[in-house]
Amino acid sequence: MRPLDLIFLIDDDETTNHVNLRTLKRTNAAKEVKIFMNGEQALNFLKLISEGDSGTTSEKYPDLIFLDIKMPIMDGFEFLDAYQELNARYIIPTQIMMLTSSASFYDLNRLEKYDVVKRHFPKPLTDFDVKEIVKDFFPGHLA
């Protein structure tokens, strides 16, 4: 598998981030993984890229975002609302997958209104999950 350039992990749980980062490294999923502890941090970074104020020309949009639903400061749904507004202005070429430890019917039903969310996965990610995502959404990266 040829790695993606950049993946964002947006989750407030350090243990989950550690496990997911190990999975992404083990599967050679990305050249770089950036971790954000809440949606606001990630959204601010995306805004900097979109507006060209990141301080460096090498910053680019992530290929893939793994987004937790329940987080402090800005949860996954609040991030998705703000992301859709940003995406409407800048057309961000990113795939978003939701991560959840408690997929309630209410949360899953609510996710259906977001076209930018491609799938949801239970925490933590598995090698199989990562390989399935690459196969389905990034087929040019298969070996």
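Now for a description of the structure that goes with this document. Along each chain, numbering runs from 1 in the same order as the chain's sequence is written. Thresholds applied to this predicted model are a pLDDT of at least 70 for local features of residues and 80 or more for the giving and counting of side-chain atom pairs; totals over whole chains, interfaces and linings are not thresholded and use all residues. Heavy atoms from the whole structure form the basis of all side-chain values; hydrogens and water molecules are not counted.

**What about the overall build of the protein?**
Turning to step 1, where the next piece is worked out: A count of helices and strands for the protein gives five helices and five strands.
Turning to step 2, where the next piece is worked out: Starting at the N terminus and walking to the C terminus, you meet the elements of the protein as β-α-β-α-β-α-β-α-β-α.
Turning to step 3, where the next piece is worked out: Over its C-alpha atoms the protein spans a radius of gyration of 14 Å, differing by no more than 12% from the 15 Å that the globule rule assigns to 143 residues.
Turning to step 4, where the next piece is worked out: Here the C-alpha coordinates of the protein stretch approximately 40 × 35 × 25 Å along the principal axes.
Turning to step 5, where the next piece is worked out: Only heavy atoms matter for contacts: two residues are in contact if any of them lie within 4.5 Å across the pair. Within the protein, residue pairs in contact and separated by at least 24 positions form 70% of the contacts whose partners lie at least 6 positions apart.
Turning to step 6, where the next piece is worked out: Carbon and sulfur atoms make up 50% of the accessible area of the protein, which amounts to about 7,500 Å² in all. Think of it this way: any DSSP run of H or I at least four residues long counts as a helix, any run of E at least two long counts as a strand, and we number them from the N terminus. With the radius of gyration taken over C-alpha atoms, the globule rule is written as 2.2 Å times the number of residues to the power 0.38. Under the convention used here, a 1.4 Å probe and the Shrake-Rupley method define accessible areas, while residue burial counts only the protein chains that appear.

**Looking at the environment of Asn38**
Turning to step 1, where the next piece is worked out: Positionally, Asn38 belongs in the loop between β2 (30–36) and α2 (39–50).
Turning to step 2, where the next piece is worked out: Any residue under 20% of the maximum accessible area for its type is buried, any over 50% is exposed, and the rest in between are partly exposed; the area is computed with a 1.4 Å probe on protein chains only. Of the residues examined, Asn38 reaches a relative accessible area of 5% and is grouped as buried.
Turning to step 3, where the next piece is worked out: Put simply, Asn38 and Pro72 are 34 residues apart on the chain and 6.6 Å apart in space, counted from C-alpha to C-alpha.
Turning to step 4, where the next piece is worked out: Asn38 has contacts with Ile10, Met71, Pro72, Ile73 and Met74, leaving out every residue within four places of it along the chain.
Turning to step 5, where the next piece is worked out: Each polar contact in these results corresponds to two N or O atoms within 3.5 Å; when the atoms are within protein, one needs to be able to donate a hydrogen and the other to accept it, and residues that are neighboring in sequence are counted only if both atoms are side-chain atoms. Polar side-chain contacts of Asn38 include one of 2.9 Å to the backbone nitrogen of Glu40.
Turning to step 6, where the next piece is worked out: A polar contact is formed between the side chain of Asn38 and the backbone nitrogen of Gln41, at a distance of 2.9 Å.

**Remarks on the packing of aromatic side chains**
Turning to step 1, where the next piece is worked out: Stacked, edge-to-face and tilted labels apply to pairs of Phe, Tyr and Trp rings (six-membered ring for Trp) whose centres lie within 6.5 Å, assigned for plane angles under 30 degrees, over 60, and everything in between, in that order. By the definition in use, this model includes five aromatic pairs.
Turning to step 2, where the next piece is worked out: Between Phe77 and Tyr114 the ring centres are 6.1 Å apart and the planes differ by 35°, which places this aromatic pair in the tilted class. Here Tyr114 lies in the loop between α4 (105–111) and β5 (117–122) and Phe77 lies in helix α3 (residues 76–90), a separation of 37 residues in the sequence.
Turning to step 3, where the next piece is worked out: Residue class for Phe77 comes out buried when judged on its relative accessible area of 2%.
Turning to step 4, where the next piece is worked out: Among the aromatic residues, ring-to-ring pairing joins Phe8, Phe36 and Phe45 into one connected group.
Turning to step 5, where the next piece is worked out: Each ring is checked for a lysine NZ or an arginine CZ that lies within 6 Å of its centre and within 35 degrees of its normal; such an atom marks a charge sitting over the ring. Between Arg110 and the ring centre of Phe77, over which it is positioned, the NZ or CZ distance is 3.8 Å.

**Notes on the pattern of salt bridges**
Turning to step 1, where the next piece is worked out: The salt bridge definition used is simple: a Lys or Arg side-chain nitrogen within 4 Å of an Asp or Glu carboxyl oxygen. Within this structure, the stated rule accounts for 10 salt bridges.
Turning to step 2, where the next piece is worked out: A salt bridge links Lys123 to Asp11, with the shortest nitrogen-to-oxygen separation between them at 2.9 Å. Taken together, the positions of Lys123 in the loop between β5 and α5 (127–137) and Asp11 in the loop between β1 (4–10) and α1 (14–26) put the pair 112 residues apart, joining distant regions of the chain.
Turning to step 3, where the next piece is worked out: Measuring nitrogen to oxygen at the nearest pair gives 2.5 Å for the salt bridge that ties Arg119 to Asp136. Of this pair, Arg119 sits in strand β5 while Asp136 sits in helix α5; the two residues are 17 residues apart in sequence, bridging distant segments of the chain.
Turning to step 4, where the next piece is worked out: Judged by its relative accessible area of 27%, Arg119 is partly exposed.

**Points about the packing of α2 against α3**
When two helices pack together, their arrangement is given by the angle between the helix axes and the distance between those axes.
Turning to step 1, where the next piece is worked out: Orientation of α2 relative to α3, taken along the N-to-C sense of each, is 5°, at an axis distance of 10 Å. Considering the angle they form, α2 stands roughly parallel to α3. Contact residues: α2 offers Gly39, Ala42, Leu43, Leu46, Lys47 and Ser50, while α3 offers Phe79, Ala82, Tyr83, Leu86 and Tyr90.
Turning to step 2, where the next piece is worked out: For this classification, Asp, Glu, Lys and Arg are treated as charged, while Ala, Val, Leu, Ile, Met, Phe, Trp, Tyr, Cys and Pro are nonpolar and the rest, including Gly, are polar. Its residues placed into classes, the contact of α2 with α3 shows eight nonpolar, two polar and one charged. Between N-to-C directions, angles span 0 to 180 degrees; the directions come from axes that are lines fitted to C-alpha atoms, helices contributing only their stretch in contact. Orientation is classified from the angle alone, with under 35 degrees giving roughly parallel, over 145 giving roughly antiparallel, 65 to 115 giving roughly perpendicular, and any other angle giving oblique.

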